[in-house]
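Residues per chain, in single letters:
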Amino acid sequence: MMSAIEIKAHNPDCIRLVQITDTHIFKRKAECFDGVDTAASLDQVIEHIRREVDMPDFVMVTGDLVHDPVPEAYERLRQQLSGLGAPVFCLPGNHDDPVLMHQMLNQDNIHTTRVLEAGRWGILLLDTCLTGTHSGRLQVEELNFLDQHLAEFNDRPVLIGLHHSPVSVTSPWLNAMMLENPEDMFSILDRHGNVRALIWGHIHQVFRAKRLDVILAAGPSSCVQFKPESEKYIKDDLNPGYSVLELYQDGSIDIRIQRI
């Protein structure tokens, strides 16, 4: 069982978490994803967080950290995220190399630790990467990791971060790249009953739903936005953004979207 990192909360009654996702940083400066300079966009998001979010306790970056998984891209990302000041915890997406990510990002305030404690809350970061495809899957070891740590957090509310969507969204082309075995995950969540929210990236758009008492929430990308309810990829004209989550002692959660 992995030991947890304790987040030193400014106010244990209200844990403030910022979610950034799908940063898609390139190896070289000024490279673009469908016309968007992803590094410049991330810098604007970081500056907005520093200006607009009062004392975040930590930041979670939910995958597709880089566009092509090479050391230079991860180093550029690490330098950018270090400007946030708060602890930053990263999980991998389908554009990432989890091994290289772990090697490159565990410096300064940047971590790839997957078990956190923040006030009453337990936080788990899952790895849904599936080699050779843009879809995701929770392997047996990952499901065991989830099961064991939910048992360890049995008296606490839990938030889970992952990259791939565990439920159908409004875009068929994105549904073809979702988590392949969400029922395996949900059967574990149902057995424990202490998970309050799942947050993810991958779909480059805001999504909200609820399954039983669990909030299901995807956030906007820090670069390109994907148009909802589209049969195929269409770039949306919404600005890049991020999510701010406030986690309360009673297990309730407030989520708001900020755009630059």
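Residues numbered from 1 in each chain as written. Predicted model: local features only at pLDDT ≥ 70, side-chain atom pairs only at ≥ 80, totals over all residues. Heavy atoms only, no water.

**Let's talk about the nonpolar core**
- In terms of nonpolar packing, the biggest core is built from 36 residues, with Leu124, Leu146, Ile160, Met185, Leu189, Leu198 and Trp200 touching the most fellow members.
- Those elements giving two or more residues to this core turn out to be α4 (140–152), β10 (158–161), α5 (172–175), α6 (182–192), β11 (195–200) and β13 (214–218).
- Discounting residues that sit within four places of it in the chain, Leu124 has contacts with Arg114, Val115, Phe145, Leu146, His149, Leu150, Phe153, Val158, Leu159, Ile160 and Gly161. (Core = buried A, V, L, I, M, F, W, Y, C linked by side-chain atoms within 4.5 Å. Buried < 20%, exposed > 50% of the residue type's maximum accessible area, 1.4 Å probe, protein only. Helix = DSSP H or I, 4+ residues; strand = E, 2+ residues; numbered from the N terminus. Contact = heavy atoms within 4.5 Å.)

**A look at the packing of α4 against α6**
- One way to put it is that α4 packs onto α6 with a least axis distance of 10 Å and a crossing angle of 10°. As judged from the angle between their axes, α4 and α6 are roughly parallel. Where α4 crosses over α6, the two elements pack in a sense that is right-handed. The segment α4 lies against α6, with Leu143, Leu146, Asp147, Leu150 and Ala151 engaging Asp184, Met185, Ile188, Leu189, Arg191 and His192.
- Split into classes, the residues belonging to the contact of α4 with α6 amount to 7 nonpolar, 1 polar and 3 charged. (Axes fitted to C-alpha atoms, helices over the stretch in contact; angles between N-to-C directions. Parallel < 35°, antiparallel > 145°, perpendicular 65-115°, else oblique. Left-handed = near helix turned anticlockwise from the far one by under 90°. Nonpolar A, V, L, I, M, F, W, Y, C, P; charged D, E, K, R; others polar.)

**Describing the packing of aromatic side chains**
- Under the criterion given, the structure shown has 5 aromatic pairs.
- Plain terms: the ring middles of Phe226 and Tyr233 are 5.2 Å apart, the flat faces sit at 80° to each other, and that makes the pair edge-to-face.
- Here Phe226 falls in the buried class, since its relative accessible area comes to 7%.
- Residue Tyr233 is classed as partly exposed on the basis of its relative accessible area, which comes to 32%.
- Here a set of aromatic residues connected by ring pairs shows up, and it is made of Trp173, Phe226 and Tyr233.
- Against the face of Phe145 rests Arg114, its NZ or CZ located 4.1 Å from the ring centre. (Phe/Tyr/Trp six-rings, centres within 6.5 Å; stacked < 30°, edge-to-face > 60°. Lys NZ or Arg CZ within 6 Å of the ring centre and 35° of its normal.)

**A look at the sheet that holds β10**
- The strand order across the open sheet formed by 7 strands is β1-β8-β9-β10-β11-β13-β12, and the pairing between neighbours is mixed. Bordering the open sheet on either side are β1 (5–7) and β12 (207–211), each of which pairs with just one other strand. The average angle at which neighbouring strand axes cross in this sheet is 20°, direction not considered.
- The strands touched by α6 within the sheet are β10, β11 and β12, with β11 carrying the most contacts at an inclination of about 155°. (Pairing = 2+ DSSP bridges.)

**Some points on the sheet that holds strand β6 (residues 88–91)**
- One open sheet holds the 6 strands; their spatial order is β7-β6-β5-β2-β14-β15, and the pairing between them is mixed. Of all the strands in the sheet, the pair left with one neighbour each is β7 (110–111) and β15 (253–259).
- Here strand β2 (residues 14–20) pairs with strand β5 (residues 58–62) via 4 bridges, running parallel. When the bridges of β5 are listed, Ile20 appears paired with Val61.

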